[in-house]
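Here's the letter readout for the chains.
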There are 2 protein chains.
Amino acid sequence: MMVSTKGRYALTVMVDLARNGGDGFVSLSDIAEREKLSMKYLESIIAILNKGGMLTSLRGKNGGYKLARRPDEYTIDEILILTEGTLAPVNCIMQEGVQCDKAATCSTLPLWAGLDKAIENYLSAITLEDIIQGNRKKMLGDYCESCDPAE
Amino acid sequence: MMVSTKGRYALTVMVDLARNGGDGFVSLSDIAEREKLSMKYLESIIAILNKGGMLTSLRGKNGGYKLARRPDEYTIDEILILTEGTLAPVNCIMQEGVQCDKAATCSTLPLWAGLDKAIENYLSAITLEDIIQGNRKKMLGDYCESCDPAE
DNA sequence: CATATTCCTACTAAAAGAGTAGGATTTGTC
DNA sequence: GACAAATCCTACTCTTTTAGTAGGAATATG
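The shown structure was predicted, so the numbers you read here are calculated from the model rather than taken from an experiment.

Engineer: Looking at this model, I keep getting lost on the relation of the copies chain A and chain B. Mind explaining?
Structural biologist: Copy one and copy two of the chain differ by a rotation about a common axis and a shift along it. Take chain A, turn it by 180 degrees, move it 0.0 Å along the axis, and it overlays chain B with an RMSD of 0.0 Å. Taken together, the turn and the small shift mark the pair as related by a two-fold rotation axis. When C-alpha positions in chain A are compared against the rotation axis, the closest is assigned to Met2 of chain A, at 2.2 Å. Of the residues that chain A buries at the interface, 100% are likewise interface residues in chain B, meaning the two copies contact each other through the same surface.

Encoded structure:
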């Protein structure tokens, strides 16, 4: 499993904020209730989003969170990488510098690199806005059965 | 991480067999030595490949394993699904029947479904033969720097 | 000052990941 | 028939990750 509940719930929170945010701040308890998720757990997840600059927050009564940018300015890629740490499908493909010592001669490495690219490709082409618009064509591509054939 | 050492080593074993197999049987100790992997661990991995019909085996002295088909008849997809159980990037996208109870209204589900398809698409288009041929163009696509621009 | 909120640290239980250990069984060779 | 080399099989262990929970401090509003 590449994306854990951490990344999934983070995305859910972002979508919820995009939908229910508007100008004001949305409290975490509201989000947790709407999405039927543990507020305590969401706390730890939203902290990552907040520290990563994805949100702005306000403490105290009537406080809460709101998106730092417009929904179309977030790619799914960056949300998931921030919360999951990496989206690499294998350990071979982690950070820039350090590589497996067999990397130079490894015949399967190009496969993993290609898979990594395919995933990044897909997830960086979709934005929060696409999700709240329900842009199934963009998300499901050729596999979308309920998409208008004309674009 | 979507693919663990189990899937990675399984692929390594398959590639090794494709390269060093020929007609005869190759012993696991040979493979482990060549690939510098724990033979005991490989034992449990190759058992999955064997039971899954990917290999034929011969017990006793001079025994070993060999591929059940030609290298171009194995997709990477099927090797990894057999050994990993699933390649689904999230828990939401597991088996056919059972789904999350929020599936009907979940706005992020199409994203996960699309990601799943993108992964399957990539991995089912590549065969063992592509790997042993070092077909970087196919594996790395547009990101391949050392690929011939003409085809 | 009471209350609703974010913020912060620490803890825990279960599952998955990455092997190890030991031996039973089979088969070819001397 | 004994031996050696191999697959086959069951069980165990240690570590890391996952998925939370618990409790309280800091802050802002009415």
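Engineer: Before we go on, may I ask you to explain the interface of chain A and chain B in this structure?
Structural biologist: Frequently, the measure chosen for interface size is the accessible area removed from exposure when the parts meet. Between chain A and chain B, the residue contacts involve 39 residues of the former and 39 residues of the latter. Between chain A and chain B, roughly 3400 Å² of surface is buried when both sides are summed, and carbon and sulfur atoms account for 72% of that area. Here chain A and chain B share 0 salt bridges between them. Between the two partners, chain A and chain B, sit 10 residue pairs in polar contact (both at pLDDT 80 or more). If you list the elements that add at least two residues to the side of chain A that touches chain B, you get α1 (5-20), α4 (76-84), α5 (109-124) and α7 (136-140) of chain A. Counting residues per element, the side of chain A that touches chain B draws most heavily on α5 of chain A, which supplies 12 residues. When the residues that make up the side of chain A that touches chain B are grouped by side-chain class, the tally is 27 nonpolar, 5 polar and 7 charged.

Engineer: In this structure, what is going on with the protein's contact with DNA strand D? I would like to understand it.
Structural biologist: Taken together, the neighbourhood of DNA strand D is formed by 23 residues, with Thr5, Ser38 and Lys40 of chain A together with Leu28 and Ser57 of chain B sitting nearest. Protein-adjacent atoms of DNA strand D, using a 4 Å cutoff, are sugar or phosphate at a proportion of 66%. At 3.0 Å from a base nitrogen of DNA strand D is found a side-chain nitrogen or oxygen belonging to Arg59 of chain A. One of the side-chain nitrogen or oxygen atoms of Glu43 of chain B is found 2.9 Å away from a base nitrogen of DNA strand D. The element that contributes the greatest number of residues to the surface near DNA strand D is helix α3 (residues 39-51) of chain B, accounting for 3 residues. Residues belonging to the surface near DNA strand D are distributed by class as follows: 5 nonpolar, 11 polar and 7 charged.

Engineer: Looking at this structure, I do not really get the environment of Gly22 of chain A. What am I missing?
Structural biologist: Residue and element names in this part refer to chain A. One can find Gly22 in the loop between α1 and α2 (28-35). Residue classification places Gly22 among the exposed positions, given a relative accessible area of 66%. In this structure the C-alpha to C-alpha distance between Gly22 and Leu67, which are 45 residues apart in sequence, comes to 9.0 Å.

Engineer: Sorry if this is basic, but what is going on with the packing of α2 of chain A against helix α3 (residues 39-51) of chain A here?
Structural biologist: Two packed helices can be described by the angle between their axes and the distance between those axes. All names here are of chain A. Axis separation between α2 and α3 bottoms out at 10 Å; the angle between their running directions is 120 degrees. By the angle between their directions, the pair α2 and α3 is classed as oblique. The interaxial crossing formed by α2 with α3 has right-handed handedness. Of the residues in α3, those touching α2 at Leu28, Ser29, Ile31 and Ala32 are Met39, Leu42, Glu43 and Ile46. Its residues assigned to classes, the contact of α2 with α3 shows 6 nonpolar, 1 polar and 1 charged.

Reading the values: the criteria
Residues numbered from 1 in each chain as written. Chains lettered and ligands numbered in written order. Predicted model: local features only at pLDDT ≥ 70, side-chain atom pairs only at ≥ 80, totals over all residues. Heavy atoms only, no water. Least-squares fit on C-alpha atoms with pLDDT ≥ 70 in both. Contact = heavy atoms within 4.5 Å. Buried area = accessible area lost by both parts, 1.4 Å probe. Salt bridge = Lys/Arg side-chain N within 4 Å of Asp/Glu carboxyl O. Polar contact = N/O pair within 3.5 Å; in protein donor to acceptor, adjacent residues only side chain to side chain. Helix = DSSP H or I, 4+ residues; strand = E, 2+ residues; numbered from the N terminus. Nonpolar A, V, L, I, M, F, W, Y, C, P; charged D, E, K, R; others polar. Near = heavy atom within 4 Å. Buried < 20%, exposed > 50% of the residue type's maximum accessible area, 1.4 Å probe, protein only. Axes fitted to C-alpha atoms, helices over the stretch in contact; angles between N-to-C directions. Parallel < 35°, antiparallel > 145°, perpendicular 65-115°, else oblique. Left-handed = near helix turned anticlockwise from the far one by under 90°.

On their own, these measurements won't tell you what the molecule is for.
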